Amino acid sequence: MKSMDARNTRKRWHPVGKLAGGVVLAYAVLSSSAWACGGGVADDPWVSPWKMEDVSVLTSPLIEQYATELRGASPTADGSLTVPQIRLRSSSSAARTLPFSRLGGSIVYVRSEGGAGERICREELWQSREYDSWDSAAAGLVPREVPLSPPVAVDIDPSAKTAVAELLRTISNEFVLAEARDYLYDDQERLVEIRKHGRGPDGRLFSQPVSCIRYDQQGRPTWSTEPSPLYLRRADAPSCDQMDQGNALVQRLLLDQEGRFYGSIATKPPAASTGQNVMASVRGTYGWTGAAAYARPSGRSGSGYQAYAMARLDQGLGVYVIDGMEEDLLPADAQPLYQDAVTRLGVKGADLRYDFVNVTIPAEVGMNGFSKLSTYPRIRSHRVAEKMRVHEVFDAGSHKMRRRVWANESGPIYRQEDYDEAGRLVQVINAWENPDVPMPEDAIAADGFDARVLQRSGQGYRVFRFDRRGHPKRELVCGKIVGGAESRDEMHCGKGDRSVVVYQNNGVSGFLTDTYGWRDRPLAAGSPL
């Protein structure tokens with residue numbers, strides 16, 4: 001049993017966001033024998049545990065916040081997890097002899113564990129019956145318009161000699177119980193629930209769980225939930241058994257087969273009004289959304305762990321974006337172009353990212369340093385200039401590019417490269433103008449092409465085919481002809497036989513897609529692979 005001392009020398013890693021996940025997880029159901037300061041949850045949470053002889057008290061003059069806090073599970077140097085505990089805040093002034101202020105204070109209940117230490121089981125906030133606040137300008141207390149009344153009338157046995165009974169006799173005439181938190185433990189003395197009691201906006205009393213913790217079958221704390229803001233301070237808030245990713249903020253710690261920590265996930269429920277998640281406008285999906293942080297031991301971090309990748313996920317798709325932070329997630333995919341970008345821009349400047357479309361990726365993809373990432377079809381992208389990224393398409397199980405797209409950060413594509421199964425470049429389509437990155441194929445001879453399509457080709461398309469030796473040949477050139485007041489813009493496309501075909505408006509895009517496999521948007525924006 002651990003001491004309740006607020007000092008905790010174990011290094012902690014603070015996960016980004018809340019932790020959660022999208023796979024079925026075995027967990028220990030909240031035991032019906034969960035207990036706080038008594039042998040069970042009190043029938044009336046507004047009655048202080050004055051009968052308990054093994055409960056002592058600490059007091060604090062704090063009236064705006066609790067003196068206790070939840071220290072959540074965190075990884076240690078060997079990757080195992082610490083057990084969640086309720087501790088005194090490091091800034092807390094709670095002590096066994098400290099009096100209340102004139103406005104009130106808090107009471108921390110500490111249960112003795114038979115010589116094995118002490119455990120915090122409850123905290124109460126008490127307020128002055130008569131005074132509402134302190135007026136700094138007048139340097140005096142502000143009286144209440146109507147004196148506070150206690151939520152329930154409590155009669156303490158005059159013969160009771162417990163520490164709690166003695167304290168309550170001293171304060172109950174001047175102060176009123178305003179709010180409380182019970183800390184509930186299962187029959188293995190693991191924290192499983194924090195239950196809050198207070199008054200809602202309508203003045204009605206409520207009692208609701210504000211934190212629920214689940215453990216796997218090995219006793220490791222890997223899942224926790226909190227009510228969404230929609231349900232805070234409401235009598236109809238869901239219980240711990242009812243909270244899930246559809247209606248609560250869910251946290252989850254990721255462990256590998258050996259039980260070692262490698263990441264965390266946080267999810268939030270969909271919008272109550274529509275059921276849609278934040279990606280619905282792009283992907284048409286519903287349900288919860290989340291973020292994941294993948295970490296590994298690091299001597300550079302004060303906590304002992306360093307996040308090296310972030311991911312976004314949702315209920316329907318699983319992981320759909322992974323962002324590298326510190327290093328290459330899959331070096332076998334790296335092309336010379338990426339190495340050059342890292343040399344010029346640095347790892348963070350190159351901004352490595354993986355996107356996934358038309359495939360469901362579990363959060364566990366980050367296990368063992370993303371060792372299974374190559375088993376999925378994927379789009380790898382990185383920045384090559386201030387406003388330009390390249391997107392590289394890889395098939396599942398392959399490290400040879402099938403396609404590379406050069407695109408502006410805001411979307412327009414400047415260049416598309418297609419490769420055969422052996423990884424040889426077979427086709428290039430250059431589109432529009434891009435002064436930041438040269439297009440070397442544009443310099444080859446344009447013999448046989450009509451002058452009209454060449455004149456405006458910088459505002460159109462150029463298609464090149466490559467032979468087995470890698471030599472390019474112009475296949476098609478399309479130039480934009482701007483219409484006048486009485487006519488529309490046209491796209492004139494020609495081949496090396498001086499033939500010309502005219503397309504109205506954007507009709508040429510469909511022709512290029514059907515004939516040459518052109519896509520006018522970056523693949524990572526949701527286009528099929």
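Coordinates for the structure precede this section.
In what follows, the accompanying structure is described.

1. Here we look at the overall build of the protein chain
Next, step 1: Regarding its fold elements, the protein chain presents six helices and 26 strands.
Next, step 2: The proportion of buried residues among the 529 residues of the protein chain is 48%.
Next, step 3: Considering only contacts in the protein chain between residues 6 or more positions apart, those separated by 24 or more positions represent 56%.
Next, step 4: Accessible surface, the protein chain: about 25600 Å² in total, of which carbon and sulfur atoms supply 49%.

2. Observations concerning the state of the cysteines
Next, step 1: Scanning the model with the defined rule gives three disulfides in all.
Next, step 2: A disulfide bridge connects Cys212 with Cys240, and the sulfur atoms are separated by 2.0 Å. Measuring handedness by torsion sign, the sulfur bridge of Cys212 and Cys240 sits at about -80° and is left-handed. A residue pair is termed long-range when its members are at least 10 positions apart, and Cys212 in strand 10 (residues 205–215) and Cys240 in the loop between strand 11 (221–227) and strand 12 (248–255) qualify at 28 residues. Just as Cys212 is buried, Cys240 falls in that class too.

3. Overview of helix 3 (residues 336–350)
Next, step 1: For helix 3, which comprises 15 residues, the first-to-last C-alpha distance of 13 Å sits more than 12% below the rise-based estimate of 21 Å (1.5 Å per residue).
Next, step 2: Maximum bend of helix 3: about 95°, positioned at Arg344.
Next, step 3: Buried residues of helix 3: Leu337, Tyr338, Ala341 and Ala350, and no others.
Next, step 4: At its buried positions, helix 3 is contacted by strand 18 (378–385), strand 19 (388–394) and strand 20 (401–408).
Next, step 5: Positive backbone phi, at 55°, marks Asp351, one or two positions downstream of helix 3.

4. A word on the side chain of Ser374
Next, step 1: Turning to its location among the elements, Ser374 is positioned in the loop between helix 4 (367–370) and strand 18.
Next, step 2: When its relative accessible area of 14% is taken as the criterion, Ser374 is described as buried.
Next, step 3: Ignoring sequence-local partners within four residues, the contact set of Ser374 consists of Leu330, Asp395, Ala396, Gly397, Ser398 and His399.

5. Overview of the pattern of salt bridges
Next, step 1: Throughout the structure, instances matching the rule amount to 32 salt bridges.
Next, step 2: Between Arg71 and Glu69 there is a salt bridge; the shortest N-O distance is 2.9 Å.
Next, step 3: What makes Arg71 buried here is its relative accessible area of 12%.
Next, step 4: Taken together, the shared-partner salt bridges connect Glu392, Arg404, Arg415, Glu417 and Glu441 into one network.

6. Quick word on the nonpolar core
Next, step 1: With 29 residues, the main nonpolar core has Tyr294, Ile322 and Phe370 as its most contacted residues.
Next, step 2: The set of elements that each furnish at least two residues to this core consists of strand 13 (261–268), strand 14 (289–297), strand 15 (305–314), strand 16 (318–324), helix 3 and helix 4.
Next, step 3: The leading source of residues in this core is strand 15, at four residues.
Next, step 4: With near-sequence residues (within four places) excluded, Phe370 lies in contact with Tyr294, Tyr308, Ala309, Ile322, Leu329 and Val365.
Next, step 5: Within the second largest apolar cluster, 19 residues are counted, among which are Val57, Ala160, Phe175 and Leu177.

7. Description of the environment of Ser172
Next, step 1: Within the secondary structure layout, Ser172 lies in the loop between helix 1 (163–171) and strand 8 (175–185).
Next, step 2: Reaching out from Ser172, the side chain makes a polar contact with the backbone oxygen of Leu168 at a distance of 2.8 Å.

What counts, and at which threshold
Residues numbered from 1 in each chain as written. Predicted model: local features only at pLDDT ≥ 70, side-chain atom pairs only at ≥ 80, totals over all residues. Heavy atoms only, no water. Helix = DSSP H or I, 4+ residues; strand = E, 2+ residues; numbered from the N terminus. Buried < 20%, exposed > 50% of the residue type's maximum accessible area, 1.4 Å probe, protein only. Contact = heavy atoms within 4.5 Å. Areas by Shrake-Rupley, 256 points an atom, 1.4 Å probe, with all protein chains shown as cover. Disulfide = S-S within 2.5 Å. Expected span 1.5 Å × (residues − 1). Bend = angle between axes of the 7 residues up to and from the residue. Salt bridge = Lys/Arg side-chain N within 4 Å of Asp/Glu carboxyl O. Core = buried A, V, L, I, M, F, W, Y, C linked by side-chain atoms within 4.5 Å. Polar contact = N/O pair within 3.5 Å; in protein donor to acceptor, adjacent residues only side chain to side chain.

Honestly, it's all geometry; don't read function into it.
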